[in-house]
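A structural walkthrough
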Amino acid sequence: MSCAVIGEALIDLIAGDDGAFRPHLGGSPYNVAIALSRQGSDVSYLSPFSEDQFGDKLRARLVAESVRLPLERRSTLPTSLALVSLNEQGVPAYRLYRQGIADKDVSAAELIDTLPDGLKILHTGSLAITPGQLEKIHTVIVHARTAGAKVSVDLNLRHGASTDMAAYIEGVRALVKFADIVKASDEDLELLGMTSGARRNAETLYGEMGSGLFVLTEGGSGAVLLTGDGIVEKAAYRVERVVDTVGAGDTFHATFLAALLRLDTLDGNSPVWRLDRLA
């Protein structure tokens, strides 16, 4: 059973204690692809890499992690950058450089052509669901669902990801209706302009999905899973010392998707989810 991932691969420039920025390979979907592979899932990363040196390093890491790369073409556009600063609690803030970059240099037709056979889950989200990318992503999602795959979307909203935040929010809300699995943090829901509290906001957004699974992460408070059969809540594991939380949500969601595949909780093309296997 295979997974496919669409979305950004970029360089996180993270500020150290000395104020200097150091490069780290990243991007939410990129991180999800690696985490899925490390847990034994057969995963393909579909977005293109730049021909620049950052693109070389991003691509080489996925090869080393046994992630399949069906799109052989490289982009002449540069690799995207993100300046990342951490507060005292290790929570990151981002400044994004996303104009004319490699991971967006691909058409819907090209992505559809690289979808693997036997696809069970198509995952996307984060910077791939900004307004300029949304029509393309929607086209691929509809194709994958028609072929019987489940669609996973991690909202992972970012300030500054779009110059038109209203269109950004409207597009994300519209895309949720086409997803089978949605992950959102309490911060994501706030950025969507939802003000009724994280749990109530999650219930509202899950209602817009109509069926499937909705995962709400609440940082140190744990996570909540909403399904048509009921709700599962899990407290967070205690961590004595938090270094930073960059990529934590990506790893969490990849682990959840890997568990769905490993436990065979996906019931064919039916919207029925076997909650007994998830508890």
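This write-up is about the structure you can find in this document. The residue count restarts for each chain, going from 1 along the sequence in the order it is written. With pLDDT at 70 or above as the cut-off, local features in this predicted model cover only qualifying residues; side-chain atom pairs require 80 or more to be listed or tallied, and sums for whole chains, interfaces and linings still use all residues. The basis for the side-chain values is all heavy atoms of the structure; hydrogens and waters are excluded.

As a further point, take the layout of surface pockets. A pocket, in this scheme, is an open set of points on a 1 Å grid over the protein atoms alone with protein on both sides within 12 Å along at least 5 of 7 lines, while a cavity is a set where a 1.4 Å probe fits but cannot get out; residues line either one if an atom lies within 4 Å of a point. Grid points are joined across faces, edges and corners, and a volume is the space filled by probe spheres set on the points. For the second largest pocket, the calculated volume is near 510 Å³. Broken down by element, the residue count for the lining of the second largest pocket peaks at five residues, all from helix 1 (residues 28–38). Lys, Arg, Asp and Glu make up the charged group, whereas Ala, Val, Leu, Ile, Met, Phe, Trp, Tyr, Cys and Pro make up the nonpolar group; the residues left over, Gly among them, are polar. Its residues assigned to classes, the lining of the second largest pocket comprises nine nonpolar, six polar and five charged. Secondary structure elements follow DSSP: runs of H or I no shorter than four residues count as helices, runs of E no shorter than two count as strands, and numbering proceeds from the N terminus.

All right, on to unusual backbone geometry then. Of note, the phi angle at S66 is positive, near 65 degrees, even though the residue is not glycine. Structurally, the position occupied by S66 is in the loop between helix 2 (53–64) and strand 5 (80–86). The class for S66 is exposed, based on a relative accessible area of 57%. Only protein chains enter the area calculation, which uses a 1.4 Å probe; residues under 20% of their type maximum are buried, those over 50% are exposed, and those in between are partly exposed.

Between Lys or Arg on one side and Asp or Glu on the other, a salt bridge is scored when a side-chain nitrogen of the former is within 4 Å of a carboxyl oxygen of the latter. Taken as a whole, this structure holds 13 salt bridges when the rule is applied. With a shortest N-O distance of 2.5 Å, R173 and E208 are connected by a salt bridge. Here R173 is found in helix 5 (residues 165–176), whereas its partner E208 is found in helix 7 (residues 198–209), with 35 residues between them in sequence. The residue R200 makes a salt bridge to E203 at a minimum N-O spacing of 3.9 Å. With R200 and E203 both in helix 7, this residue pair falls three residues apart, about one helical turn. For R200, a relative accessible area of 53% translates into the label exposed. Residues joined in a network through salt bridges with shared partners are R73, D105 and E110.

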